[in-house]
Structures are given as structure tokens and as C-alpha cells.
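Next come the chains, spelled out residue by residue.
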Amino acid sequence: MVQKQLPTGFRDDIGAVAERKDDVSQYLLSLCRNRQYTKISTPLVEYKDVFNGYTLGRGQHMYEFFGSSDASVVIRPDLTMPIGRFLATTNIELPRKFYYLGDVLMKNKQHRGDINQVTQGGIEMVGYEGIEAELECFNIIKEVNESQLNNTLLLEIGDARFSRAITDALGLTDGERTDLLDALFTKYLPRYNELISEFKNNALYPFLTIWPRLFGTVNDIKNELTQVILPAGAQRILDSLMDLAGQIEATGQQVRIDVSTEPLQSYYTGLTFRGYVDGVSQYIVSGGRYDGLLSGFDGTPMPSVGMAFNIDVLTAVFVQGESNTKDNGKLRIALTKGRVEKDFIPLLESCGVDCEPLRNKARKLIIPLGDSIEVILAKGPDVTTYLNNGVVDLGIVGSDVLDEQDNTSYEMLDLKTGQCQFILASLEGYDPKEGRRHRIGTKYPTVTKQYFGSQDVEIIKIEGSVELAPLVGLADAIVDITETGTTLRENNLKIYDWLQPISTRLVANPLALKQKRNTIFALIDQLQAAIDKK
Ligand SMILES: Nc1ncnc2c1ncn2[C@@H]1O[C@H](COP(=O)(O)OP(=O)(O)OP(=O)(O)O)[C@@H](O)[C@H]1O
Ligand SMILES: O=P(O)(O)OC[C@H]1O[C@H](OP(=O)(O)OP(=O)(O)O)[C@H](O)[C@@H]1O
């Protein structure tokens with residue numbers, strides 16, 4: 001039979017959307033052409049090596065296959081690296097400004113709502129050392145903002161050197177630096193707070209406590225920075241960002257600063273910038289300075305600045321109107337129903353939120369709490385799907401679920417409820433070390449795979465009452481959750497190993513955190529105070 005379905009992660013465009021996409025693309029192409037940029041087109045397929053140093057999103061992979069030679073070939077996930085490859089192998093005279101339009105592809109997990117093919121339109125200014133190149137990008141963004149976005153774009157600036165200036169001043173080793181920045185950039189705050197507790201006596205400690213919040217308007221940053229000392233190098237970077245923010249604001253654009261988020265690409269070496277509009281959960285444009293990228297191809301350092309517009313998001317924003325209709329301005333929280341919900345209600349009440357509608361929800365799934373909060377009730381694994389797709393701002397979910405999934409949201413608070421533990425359990429007489437391929441029953445295949453590492457085990461996915469599996473001979477052992485130990489005891493099962501502990505976490509969608517920064521931090525601070533009081 002002929003396969004008529006479209007693979008997951010792809011879509012057709014027709015009529016108004018397709019035409020709008022053409023218009024936006026044409027607009028961008030003419031804008032660059034009128035500015036005397038040189039058009040560059042590269043093929044869809046490249047050797048995989050071209051993308052060494054390119055960072056895909058978490059859980060994303062390249063479409064990879066073998067070409068006519070033995071080397072791996074991929075469909076491009078990015079358009080900057082191929083241009084670097086092109087320049088390193090040709091003798092084009094530089095400096096020069098290029099523009100391009102094309103599709104990039106990346107594989108995402110199936111059935112999670114991700115799009116695998118994106119159209120990008122962008123520029124690369126190769127051989128430009130001064131800030132003029134960045135200012136030129138801001139001018140182009142301003143033109144696009146005014147003509148396509150009704151001036152609703154928020155331009156966010158940062159600097160790839162800021163985090164290095166801080167970690168150097170702290171005297172961290174490479175390993176410590178990676179740990180701290182990982183926790184900071186993924187806003188994994190329980191871990192971040194644990195790591196910085198070692199620096200309680202360091203003059204930089206007050207700064208470290210507010211670093212995860214160093215993004216927002218110039219005023220947000222100033223408010224965070226009162227009574228905080230920065231190392232001279234970091235202060236200089238921040239001062240010049242503040243200066244630049246002032247200049248951009250003077251041109252009538254709305255600006256934000258962010259020195260606490262990872263630069264989108266590891267090849268950025270200086271100023272970075274991104275643009276988004278309120279209520280839309282994807283960036284519309286992103287770019288930065290990358291002085292080292294071309295040296296990776298042929299050894300010649302070449303100062304460059306580039307940026308790319310996501311044409312699909314630009315199209316969608318226009319088609320849907322300037323604000324996303326799903327966003328009603330309220331803080332949207334996806335709450336795991338069941339025991340997580342039961343523990344969360346009293347915590348939220350102690351923050352002064354009237355939860356009566358939630359207590360008396362009957363079979364309703366969307367529950368407004370006052371004028372400013374809307375709760376949706378979902379199963380744990382779905383909470384992260386809603387969050388990653390940006391249809392809710394916050395999620396309340398067990399860390400077991402986060403450990404099991406490719407979570408791209410920020411884990412910001414440990415609510416210290418729903419505390420339990422992953423364990424390896426089986427019947428009396430089981431020998432975990434016995435040299436054969438063990439069959440392990442579990443609701444958590446990823447956690448189980450990680451636990452066994454290189455030891456080959458056969459995983460049998462079970463949806464509930466996992467304890468049954470060894471009792472009826474379906475599995476040799478189980479990886480499951482235990483709280484009081486009652487279920488294991490009553491079924492004559494014994495714990496053979498303790499894996500990681502579990503508790504309920506508050507997670508935030510990264511862009512929602514930017515858009516609703518102050519509301520989200522206010523709630524987090526109140527929840528933290530309520531947790532500390534318990
Ligand atoms: N004893 C426990 N067993 C399982 N999960 C627990 C336990 N204590 C806390 N939790 C947390 O509760 C979350 C939800 O558990 P689960 O999916 O079993 O839902 P539930 O509350 O039991 O409702 P239901 O039985 O309808 O599925 C888990 O992801 C975990 O983080
Ligand atoms: O150590 P304990 O306090 O006995 O708790 C652990 C049990 O609770 C959970 O099951 P749940 O009741 O959620 O049912 P499920 O097996 O269908 O998920 C979990 O999967 C264990 O079976």
C-alpha cells in the first residue's frame with residue numbers, strides 16, 4: 001500500500017501560510033540584496049565533520065547517512081558552518097557580507113510536537129572586527145521588526161565572554177567550571193545552589209546567588225545588582241552591554257540583557273543576541289560574533305558576525321496575529337494530577353493563592369485560580385510535553401519524570417514533596433552480579449539504561465504495578481520507585497540497590513521565564529519561603 005502519511009515532525013503549508021512565508025522570505029532577501037550583500041547557497045548535504053563544534057538542541061540529532069565515500073554525510077542542521085566550509089576552500093576576497101535562505105533539518109523525538117525542518121534566512125559578515133557589524137545586525141532586526149512585527153520584538157543581548165570572566169575570577173578548574181555553568185545554564189537551581197554553597201566566604205558569593213536571575217530589562221538587572229560586586233572583567237562586559245542597551249533603546253527598540261543563559265552556539269566568542277515576541281515560545285532571530293569559527297576550517301582566524309531569522313516563526317507570528325492566542329496573560333501551570341497535585345495545593349495556598357477551585361474541580365481539567373493563574377491537570381510525562389511546546393509556562397512534576405525524558409525546560413525549585421527513591425529490587429536470592437543478560441522490568445527505561453551503563457540488560461517496559469514482573473517470572477528484577485517500602489515488603493521483594501532520590505520539582509519553559517520573569521520569580525520566592533518554613 002502507498003504510504004500517504006507525512007512523517008512526524010514535518011508539515012505541508014498551503015494558501016495564506018505558504019504565501020506569507022514567501023512574502024517574508026522575499027522581504028528578507030531584498031533587504032539584504034539592497035544592502036549589497038552577496039547571496040550564497042550551499043547544498044542540503046555536507047560531510048558530518050563540517051558540523052564539529054555545532055551544538056544541536058537537547059535530544060536532537062542530525063539526519064545522517066553514508067555518502068559515496070566512507071565518510072558520514074548529514075543533512076545540514078545549520079547554515080553558518082557550511083558557509084565557513086565554503087570560505088575555507090575558496091579564495092573569495094574578504095571582508096564580505098553574505099546572505100542566505102534555506103532549510104535546515106534535525107531529528108527530534110517522535111510524537112513530542114517538535115518540527116524537524118526549519119527555514120532560516122540570515123546573514124554572515126565575514127572579516128569584520130568592530131562593533132559596526134553587530135550594529136548593522138541590530139539595524140536589520142529593527143527594519144524587520146517595524147515592517148513585519150509591528151514593533152513588538154524584544155531584542156535580547158548577551159556576551160559569550162561573561163561566564164568565563166566570572167569562573168576565571170573564582171579560580172575554578174575546567175571540571176568545576178563545566179559543572180557550575182551546566183547547572184546555571186540549564187537553570188538547574190537545586191544543583192546550582194549546592195555548588196555555590198562552597199563559595200559562601202568568597203567576595204563573589206552575593207553575585208553567585210543572583211547570577212541565575214541576571215536577565216531582563218536594564219532595570220531588572222540594576223535591581224538585582226544592588227550591593228553586588230563583580231570581577232573587573234565581568235563588570236566591563238556588563239557595562240558595555242548596558243551601554244549598548246541604551247543605544248538600542250534610543251532607536252526605539254525594546255531591549256533585554258541576559259548574562260545568565262548559555263550562548264546558543266559554542267562557537268560564539270563575543271556579543272550574542274536573540275529576538276522574541278511576548279506570547280510566542282520560540283526565538284524569531286538569533287546571532288552573535290564568532291571570531292574563531294573559520295580558523296576551525298583552515299587555521300585563519302577571521303572576525304565575523306552572523307544571524308539567522310527563523311522564517312517559520314516569523315510567518316506564524318504574522319498569521320496568528322501579533323500575540324499568540326493561546327496566551328491569555330495568565331501564568332499557566334501544568335500540574336501532575338494525583339499525589340503531586342495533593343501535596344502542591346497546600347504549598348500554593350501558603351503563598352496566598354486561593355485553591356478552592358482546584359479542590360472542587362470535579363472533572364474539569366483547566367482551572368483558573370484568581371485572575372492571574374491557570375492550572376491544567378495532566379499526567380507527569382505530559383507535563384514536560386506541554387512545557388517543551390511552550391503551551392504552559394511552568395510545570396509541577398516528579399524528578400523521576402524529568403530523569404526519564406529529554407527535558408529542555410529549567411528545573412528551578414525542589415518542592416521537597418513527593419519524596420521517594422528509585423531502587424533495584426527483586427526476590428530473595430537474586431544475584432545482580434550474575435554474569436548473564438538480566439531482564440529488568442520498569443516504567444523508566446532511560447533511567448534503567450543509565451543505571452546499568454555498559455552492562456547489557458534487556459528492558460521490559462511496564463506501565464504500572466511493576467512489582468508484579470519478578471513475581472510472575474516476566475523479569476529478573478525491577479527498577480521502580482519506593483516510598484514507604486510497603487509494596488515491596490508485602491510482595492516479598494528485596495532492595496538490591498538504591499538509585500537516585502526523587503522529589504517534586506517546579507520547571508519553567510525557558511522563554512516563558514523571560515516573558516514572565518518577575519511573576520515567576522515572585523512565585524518561586526514565595527514557594528521557597530513556604531518550603532523553608534515547613
Ligand atoms: N510512592 C510513590 N510512588 C509513585 N510515585 C510517587 C510516590 N511518591 C511520590 N511519587 C511521585 O508521584 C508522581 C506521580 O505518580 P503516579 O504517576 O503513580 O500518579 P499517582 O499519583 O499514583 O496517580 P495514578 O495512580 O492515577 O497514576 C511520580 O512521578 C513521583 O514523582
Ligand atoms: O514504597 P511504597 O510506599 O509502597 O510506594 C511505592 C509504590 O507506589 C507506586 O505505585 P502506585 O500506587 O502509583 O501505582 P502504580 O504501580 O500503578 O504506578 C510505585 O510504583 C510503587 O509501586
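Residues numbered from 1 in each chain as written. Chains lettered and ligands numbered in written order. Predicted model: local features only at pLDDT ≥ 70, side-chain atom pairs only at ≥ 80, totals over all residues.

## A short note on the overall build of the protein
Assigned secondary structure in the protein consists of 20 helices and 23 strands. Over its C-alpha atoms the protein spans a radius of gyration of 25 Å, differing by no more than 12% from the 24 Å that the globule rule assigns to 534 residues. For the protein, the spread of C-alpha atoms along the three principal axes comes to 75 × 60 × 55 Å. Relative to its full complement of 534 residues, the protein shows a buried share of 38%. Considering only contacts in the protein between residues 6 or more positions apart, those separated by 24 or more positions represent 69%. (Helix = DSSP H or I, 4+ residues; strand = E, 2+ residues; numbered from the N terminus. Rg over C-alpha atoms; globule rule 2.2 N^0.38 Å. Buried ≥ 20, exposed ≤ 12 C-beta atoms within 10 Å, placed from the backbone. Contact = placed C-beta atoms within 7 Å.)

## Structural notes on the site of ligand 1
Within the structure, ligand 1 sits among 13 residues, and Gly338, Arg339, Gly398, Gly418 and Glu483 are positioned closest to it. At the level of secondary structure, the elements contributing two or more residues to the shell around ligand 1 comprise α12 (339-349) and α15 (399-404). Of the residues contributing to the shell around ligand 1, the split by class is 5 nonpolar, 5 polar and 3 charged. Counting the residues that make up the shell around ligand 1, at least three belong to each of domain 2 (331-416 + 504-533) and domain 3 (420-501). (Near = placed C-beta within 6 Å. Nonpolar A, V, L, I, M, F, W, Y, C, P; charged D, E, K, R; others polar. Domains from an automatic or database assignment.)

## Digging into the environment of Arg164
If you trace the backbone, Arg164 turns up in helix α4 (residues 162-170). We classify Arg164 as partly exposed; it has 15 C-beta atoms within 10 Å. Measuring from C-alpha to C-alpha, the distance between Arg164 and Gly175 comes to 13 Å, with 11 residues separating the pair along the chain.

## Description of the nonpolar core
In this structure, Ile157, Ile284 and Val507 are the most contacted members of the largest nonpolar core, which totals 105 residues. When we break this core down by domain, the ones giving at least three residues each are domain 1 (1-151 + 299-325) and domain 2 (331-416 + 504-533). Those residues in contact with Ile284 that lie beyond four places of it in its chain are Leu153, Gly275, Tyr276, Val277, Phe309, Asn310, Val313, Leu314 and Val317. Residues Ile423, Tyr444, Ala475 and Ile478 belong to the second largest nonpolar core, which totals 16 residues. (Core = buried A, V, L, I, M, F, W, Y, C linked by C-beta atoms within 7 Å.)

## Things to note about the pairing of strand β15 (residues 373-378)
One ladder, built from 6 bridges, connects strand β13 (residues 331-336) with β15; its direction is parallel. Looking across to β15, one finds that Leu331 is bridged to Ile373. Pairing geometry for strand β14 (residues 366-369) and β15, over 4 bridges, is antiparallel. Note on β15: the bridge partner recorded for Ile367 is Val375. The antiparallel pairing of β14 with β15 creates a hairpin that spans 3 residues between the two strands, and Gly370 there sits at a positive phi of about 65 degrees. (Pairing = 2+ DSSP bridges.)

## Quick notes on the site of ligand 2
Ligand 2 sits among Gly464, Ser465, Val466, Glu467, Asp480, Ile481, Thr482, Glu483, Thr484, Gly485, Thr486 and Thr487. Only β21 (477-482) and α18 (486-490) provide two or more residues apiece to the shell around ligand 2. When residues in the shell around ligand 2 are grouped by element, the largest group, 3 residues, is from β21. Broken down by class, the residue content of the shell around ligand 2 amounts to 2 nonpolar, 7 polar and 3 charged.

## Concerning the sheet that holds strand β6 (residues 117-126)
Taking strand neighbours across the sheet as the criterion, the 9 strands line up as β1-β5-β6-β12-β11-β10-β7-β9-β8 in an open arrangement whose pairing is mixed. Each edge of the sheet is formed by a strand with only one pairing partner; in this case those strands are β1 (38-39) and β8 (215-216). In this sheet, strand β12 (residues 304-310) lies alongside β6 in antiparallel orientation, the contact comprising 7 bridges. In the sheet register, Ile123 faces β12, and the bridge partner there is Met307. On top of the sheet, helix α11 (residues 311-320) reaches β6 and β12; it is set at about 45 degrees to β12, its chief contact. (Axes fitted to C-alpha atoms, helices over the stretch in contact; angles between N-to-C directions.)

## Points about the sheet that holds β15
Spatially, 6 strands are ordered β14-β15-β13-β16-β23-β17 in an open sheet, and the strand pairing comes out mixed. Two strands in the sheet have a free side with no partner beyond their single neighbour: β14 and β17 (410-414). If you compare each strand with its neighbour and ignore which way they point, the axes differ by 25 degrees on average. Together, β13, β15, β16 (394-398) and β23 (504-508) form the strand contacts of α12, whose direction differs from that of β13 by roughly 130 degrees. Of the strands in this sheet, β13, β16, β17 and β23 touch helix α20 (residues 517-533), which is tilted by about 30 degrees from β17.

## Brief notes about the packing of helix α1 (residues 16-34) against α11
Between α1 and α11, the shortest axis-to-axis distance is 9 Å and the interhelical angle comes to 120 degrees. With respect to α11, the axis of α1 lies oblique. For the pair α1 and α11, the sense of crossing is right-handed. Residues Ala16, Val17, Arg20, Lys21, Val24 and Ser25 of α1 pack against Ile311, Leu314, Thr315, Phe318 and Val319 of α11. (Parallel < 35°, antiparallel > 145°, perpendicular 65-115°, else oblique. Left-handed = near helix turned anticlockwise from the far one by under 90°.)

## Examining the domain arrangement of the protein
Taken domain by domain, the protein consists of domain 1 (1-151 + 299-325), domain 2 (331-416 + 504-533) and domain 3 (420-501). Computed over C-alpha atoms only, the centres of domain 1 and domain 3 are separated by 45 Å.

## Quick notes on helix α2 (residues 80-88)
Within α2, 7 of the 9 residues are buried, leaving the element largely enclosed by the surrounding structure. Of all the positions in α2, only Thr80, Met81, Pro82, Ile83, Gly84, Arg85 and Leu87 are classed as buried. In this structure, the buried side of α2 is in contact with β2 (45-47), β5 (96-105), β6, α10 (295-298) and β12.

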